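# Close look at the chain arrangement
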Amino acid sequence: QVQLVESGGGLVQAGGSLRLSCAASGLTFSDYYMAWFRQVPGKEREFVASISWSGGPLYSPDSAKGRFTISRDSAKNTLYLQMNSLKPEDTAVYYCAARYRYNVRYDYWGQGTQVTVSS
């Protein structure tokens, strides 16, 4: 059974930092393209960043580039998102997702972790 469990969310002041983690189990982590998405109530889920099985990152130019860093630790089967210079508009539920190699859609999703940035 595949599980993606996010942690590290919370309340932070604008300009602060948080590091999100996503612990993966039940899958061969190195076979999966991993990503972070976020969602605000009433809006569609939004892509934040992704990382290939070889470690190549891709960032949303609108939300993440220059402030967020995605990384993965294959020894720990864990995905990370380091978020710096947080803004109130970064407030959302952040989701971890896994996609098997060249699949088009993401196969697995975590339950989400709330990030709230106060002004």
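Residues numbered from 1 in each chain as written. Predicted model: local features only at pLDDT ≥ 70, side-chain atom pairs only at ≥ 80, totals over all residues. Heavy atoms only, no water.

## A few points about the pattern of salt bridges
Opposite charge on two side chains allows them to pair when their charged atoms are near. Basically, it comes down to this: Throughout this description, the term salt bridge denotes a Lys or Arg side-chain nitrogen within 4 Å of a carboxyl oxygen of Asp or Glu. Counting from the N terminus, the helices are the DSSP runs of H or I reaching at least four residues and the strands are the DSSP runs of E reaching at least two. Classification of residues uses two cut-offs on accessible area relative to the type maximum, computed with a 1.4 Å probe and protein chains only: under 20% is buried, over 50% is exposed, and between them is partly exposed.
Inspection of every chain in the model, using the stated rule, returns 4 salt bridges. Between Asp31 and Arg101 there is a salt bridge, and its shortest N-O distance comes to 3.1 Å. Taken together, the positions of Asp31 in the loop between β3 (18–25) and β4 (32–39) and Arg101 in the loop between β9 (92–100) and β10 (108–109) put the pair 70 residues apart, joining distant regions of the chain. Residue class for Arg101 comes out partly exposed when judged on its relative accessible area of 26%. Among the ionic pairs, Asp90 bridges to Arg67, the shortest N-O distance being 2.8 Å. You can see Asp90 sitting in the loop between β8 (78–83) and β9 and its partner Arg67 sitting in the loop between β6 (57–59) and β7 (68–73), a full 23 residues away along the chain. Residues joined in a network through salt bridges with shared partners are Arg38, Glu46, Arg67 and Asp90.

## Concerning the side chain of Thr78
What counts, and what does not: Under the rule applied, a polar contact is a pair of N or O atoms within 3.5 Å (in protein, one hydrogen donor and one hydrogen acceptor; residues adjacent in sequence only if both atoms are side-chain atoms). Contacts: residue pairs with any heavy atoms within 4.5 Å of one another.
Looking at the element boundaries, Thr78 is found in strand β8. At 2.8 Å, the side chain of Thr78 forms a polar contact with the backbone oxygen of Lys76. If near-sequence neighbours (up to four positions away) are discounted, Thr78 is found in contact with Ser21, Cys22, Ala23, Phe29, Ser71, Arg72 and Asp73.

## Points about the nonpolar core
Filter applied, for reference: Here, the term nonpolar core denotes a set of buried Ala, Val, Leu, Ile, Met, Phe, Trp, Tyr and Cys residues that are joined through side-chain atoms within 4.5 Å.
In this structure, Met34, Trp36, Leu81, Met83 and Tyr94 are the most contacted members of the largest nonpolar core, which totals 27 residues. When contributions to this core are tallied by element, the ones reaching two or more residues are β3, β4, β5 (46–51), β7, β8, β9 and β11 (113–118). In terms of nonpolar packing, the next biggest core, distinct from the first, is built from 5 residues, Ala35, Phe37, Ala97 and Tyr106 among them.

## Structural notes on the packing of aromatic side chains
So the rule is basically this: Two rings belonging to Phe, Tyr or Trp (six-membered ring only in the last case) form a pair when the distance between their centres is within 6.5 Å. Interplanar angles under 30 degrees mark stacking, angles over 60 mark edge-to-face geometry, and anything in between is tilted. Comment: the charge-over-ring label is applied if NZ (Lys) or CZ (Arg) is within 6 Å of the ring centre and within 35 degrees of the ring normal.
Applying the stated rule across the entire model yields 8 aromatic pairs. Between Phe37 and Phe47 the ring centres are 5.7 Å apart and the planes differ by 75°, which places this aromatic pair in the edge-to-face class. Here Phe37 is found in strand β4, whereas its partner Phe47 is found in strand β5, with 10 residues between them in sequence. With a relative accessible area of 11%, Phe37 lands in the buried category. Ring geometry for Phe37 against Tyr106: centres 5.3 Å apart, planes inclined by 80°, an arrangement best described as edge-to-face. Highlighted residues: Phe37 in strand β4 and Tyr106 in the loop between β9 and β10, separated in sequence by 69 residues. An aromatic cluster is present here, built from Phe37, Phe47, Tyr106 and Trp109 joined pairwise through their rings. The ring of Tyr95 carries the charged tip of Arg45 above its face, separated from the ring centre by 4.0 Å. Over the ring of Tyr106 we find Arg99, and its NZ or CZ is 5.4 Å from the ring centre.

## Looking at the sheet that holds β3
The pairing of strands in a sheet happens through backbone hydrogen bonds and is either parallel or antiparallel. The cut-off we apply is this: The rule for pairing is simple: two strands pair if DSSP sees at least two bridges between them. Between the N-to-C directions of two axes lies an angle of 0 to 180 degrees, each axis being a line fitted to C-alpha atoms and, for a helix, fitted only over the stretch in contact.
Taken in spatial order, the 4 strands make up an open sheet running β1-β3-β8-β7, and their pairing is antiparallel. Where the open sheet ends on each side, the last strands, each with one partner, are β1 (3–7) and β7. In this sheet, adjacent strand axes meet at a mean angle of 15° when their direction is disregarded. As paired elements, β1 and β3 share 5 bridges and run antiparallel to each other. Each residue of the ladder has a partner; that of Leu4, found in β3, is Ala24.

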